[in-house]
Amino acid sequence: MAFPVDLRRCQVLGLAGTACLALGGETAGALPVADLLHPGSARAALGLVGVYFGVVLLIAAWLLLGRLVRGPRPPAPRALLLVLAVWAAPLLIAPPLFSRDVYSYLAQGAMVEAHMDVYAHGPSRLGGPLADEVAPLWRHTGAPYGPVFLAVASALSGLTRGELPAGVFGMRLVALAGVALMAAALPRLARHSGADPSAALWLGALNPLVLLHLVAGAHNDAVMLGLLGIGLVAALGRWPVLGAVLVTLAALVKAPAALGLAAVVVLQIRAGRSPAQALVPTILAAAATTVAATAVAGTGYGWVGALNTPASPQNWALTTLLGRATRALLEHLGSGLAPLAVPAWHALGILTAVTAIVLIWLRLRPRPVYALGLSLAAVAALGPAIRPWYALWGLFLIAAAAPSTSVRHRTAAVTGVLALCVLPSGGPADTGQLVLAVSGGALAVVVLLQARQAELAPAPGSAA
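Cut-offs applied
- Residues numbered from 1 in each chain as written.
- Predicted model: local features only at pLDDT ≥ 70, side-chain atom pairs only at ≥ 80, totals over all residues.
- Heavy atoms only, no water.
- Helix = DSSP H or I, 4+ residues; strand = E, 2+ residues; numbered from the N terminus.
- Rg over C-alpha atoms; globule rule 2.2 N^0.38 Å.
- Buried < 20%, exposed > 50% of the residue type's maximum accessible area, 1.4 Å probe, protein only.
- Contact = heavy atoms within 4.5 Å.
- Areas by Shrake-Rupley, 256 points an atom, 1.4 Å probe, with all protein chains shown as cover.
- Core = buried A, V, L, I, M, F, W, Y, C linked by side-chain atoms within 4.5 Å.
- Phe/Tyr/Trp six-rings, centres within 6.5 Å; stacked < 30°, edge-to-face > 60°.
- Salt bridge = Lys/Arg side-chain N within 4 Å of Asp/Glu carboxyl O.
- Axes fitted to C-alpha atoms, helices over the stretch in contact; angles between N-to-C directions.
- Left-handed = near helix turned anticlockwise from the far one by under 90°.
- Parallel < 35°, antiparallel > 145°, perpendicular 65-115°, else oblique.
- Nonpolar A, V, L, I, M, F, W, Y, C, P; charged D, E, K, R; others polar.
- Polar contact = N/O pair within 3.5 Å; in protein donor to acceptor, adjacent residues only side chain to side chain.

Turning to the overall build of the protein chain, a few remarks are in order. Counting its secondary structure elements, the protein chain contains 20 helices and 0 strands. Taking 2.2 N^0.38 as the reference for a compact globule, 464 residues should give roughly 23 Å; the C-alpha atoms of the protein chain span a radius of gyration of 23 Å, in line with that estimate. Counting all 464 residues of the protein chain, 52% fall into the buried class. The contacts in the protein chain between residues at least 6 apart in sequence include a share of 75% that link residues at least 24 apart. As presented, the protein chain carries roughly 20400 Å² of accessible surface, and 68% of it is formed by carbon and sulfur atoms.

So this is what it looks like as structure tokens:
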């Protein structure tokens, strides 16, 4: 007997998950330093259990919704957008979760507002309570973001006057606007690519990583992906120059989106324009947008050098892990080459990513949206640093243009794993915290199994 699934059940289960996330985050989230609890305290432990209980409920709701989307009567895109709004609602008023980056954004915005060089100096130059909220690792590091995002952060700083709760809420609204643009772009991109719009929304917008990291974490990747998606939609129609402008704005939030300009060019060529007619206006539009946005932001061109912002030495990117292992081996052997191991692996990773991107476009040029998604996935996987939300760079467009159900299934499996990889405080995990997190997730699994058994149990007095 199949477990009964309906849209309302998925909606309620996911809402329960995000509500638990919000409640648990009140004691275990990436709280302001004045509100941080000792990880060993009972309240922090209960919050951590609650967060992972909620994460598993959310993943379960999302997977059940996927069954509906693949079923004979899939929900319409409008119904899925309503589910997304319901799931996201508790997270709008939750503390920051899974990362302290939102505090860096606010501090960098305040620096721009104060006419400080945000690329030459870290938030420590700003000083004061806001700089104290930034993770120690990044207090002395210049901003790695483009002038478009820093202009938004600066405007928000002026509006909120440095008030932390208002700033966090404002930055979350900015991220939510980016998610809304993503959701608006996905159905159109899916139709162009011959994919199911509802399946694209399920994988690309209702994805747990979107809710956990773009909404709850308020990451600026939401703005980058929203502008990129809408830019590609414009390029599909009669506004390729507007598409180039929007994609360039996305790249001036975070640089990887610049790969989208290749898709804009290919889309024009497929529409009947010659390569020169497609390439020249795109380059001119991108250059003009870059100059204008940088002038309006007033940050100068320090963002070009900021592309080399160092990665966290604790990050778990593939090339960093291989570099550390090689360095340890060379140190054990007494080799003087040990300090070069990590930079060498990073360089090899970048070279491999470039090679992969070239091969992807040579093979998938007739499918530019899918090629762009795979290219961004390669950048995230082979770059010198990785975070779970980086997976959304490629996943967003793969969701819109995946050529088969098996690709979606593999992508969904990666999502489920990455959704469980970061503590709600955004800090490193110790053994005790890992035990609490696993306990919260296991408790959710037990509750879900009990609910399933209750649903499948025959009603009293029914025929055997």
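Among the nonpolar cores identified, the biggest contains 132 residues, and Leu 65, Trp 87, Leu 189, Leu 206, Leu 228, Leu 232 and Leu 397 are the most heavily contacted of them. Considering every element that reaches this core, the biggest residue donor is helix 2 (residues 42-70), with 16 residues. Residues contacting Leu 397, with those up to four places away along its chain left out, are Leu 189, Leu 228, Leu 232, Val 369, Leu 372, Gly 373 and Leu 376.

Under the criterion given, the structure shown has 6 aromatic pairs. Ring geometry for Tyr 105 and Phe 149: centres 4.9 Å apart, planes at 75°, overall edge-to-face. Here Tyr 105 is found in helix 4 (residues 101-113), whereas its partner Phe 149 is found in helix 6 (residues 147-160), with 44 residues between them in sequence. The structure contains a cluster of three or more aromatic residues connected by ring pairs, namely Tyr 105, Tyr 145 and Phe 149.

What follows is about the pattern of salt bridges. Two side chains bearing opposite charge may form a pair once their charged atoms approach each other closely. Counted according to the given criterion, the structure contains 2 salt bridges. Salt-bridge contacts for Glu 133 lead to Arg 100; the nearest nitrogen and oxygen are separated by 3.2 Å. One end of the pair, Glu 133, is in the loop between helix 5 (128-132) and helix 6; the other, Arg 100, is in the loop between helix 3 (77-92) and helix 4, with 33 residues separating them in the sequence. The partner of Asp 221 in a salt bridge is Lys 254, with the nearest N and O atoms 3.1 Å apart. Separated by 33 residues along the polypeptide, Asp 221 in helix 10 (residues 221-236) and Lys 254 in the loop between helix 11 (240-251) and helix 12 (260-270) bring together distant segments of the chain. On the basis of relative accessible area, Asp 221 is assigned to the buried category, the value being 0%. The exposure class assigned to Lys 254 is buried, which follows from its relative accessible area of 10%.

Here we take up unusual backbone geometry. Phi is positive for His 115, which is not a glycine, with a value near 60°. The residue His 115 is located in the loop between helix 4 and helix 5 in this model. Despite not being glycine, Ala 218 has its phi angle at roughly 55°, a positive value. Relative to the helices and strands, Ala 218 is located in the loop between helix 9 (208-215) and helix 10.

Turning next to the packing of helix 15 (residues 318-333) against helix 16 (residues 341-364). Viewed as axis vectors pointing N to C, helix 15 and helix 16 meet at an angle of 145°, and their least axial separation amounts to 8 Å. Here the hand of the crossing between helix 15 and helix 16 comes out right-handed. Residues Thr 319, Thr 320, Leu 322, Gly 323, Arg 324, Thr 326, Arg 327 and Leu 330 of helix 15 form the contact with helix 16, whose participating residues are Ala 341, Val 342, Trp 345, His 346 and Gly 349.

All right, on to the packing of helix 6 against helix 7 (residues 164-193) then. Each pair of packed helices can be summarised by the angle the axes make with each other and by the distance between the axes. Here helix 6 crosses helix 7 at 140°, and the two axes come no closer than 10 Å. The angle between helix 6 and helix 7 places the two elements in the oblique class. Along this stretch, helix 6 crosses helix 7, giving a crossing that reads as right-handed. Contact residues: Phe 149, Val 152, Ala 153, Leu 156 and Thr 160 in helix 6; Ala 166, Gly 167, Gly 170, Met 171 and Val 174 in helix 7. Looking at the contact of helix 6 with helix 7 residue by residue, the classes come out as 7 nonpolar, 3 polar and no charged.

Looking at where Thr 320 falls in the secondary structure, it is placed in helix 15. Side-chain polar atoms of Thr 320 contact the side chain of His 346, separated by 2.9 Å. There is a polar contact of 2.9 Å between the side chain of Thr 320 and the backbone oxygen of Pro 384.

Our next topic: the environment of Glu 113. Tracing the backbone shows Glu 113 in helix 4. Between the C-alpha atoms of Glu 113 and Ser 154, which are 41 residues apart in sequence, the distance is 5.2 Å. Every residue in contact with Glu 113, bar those within four places of it in the chain, is listed here: Ser 154, Ser 157 and Gly 158.

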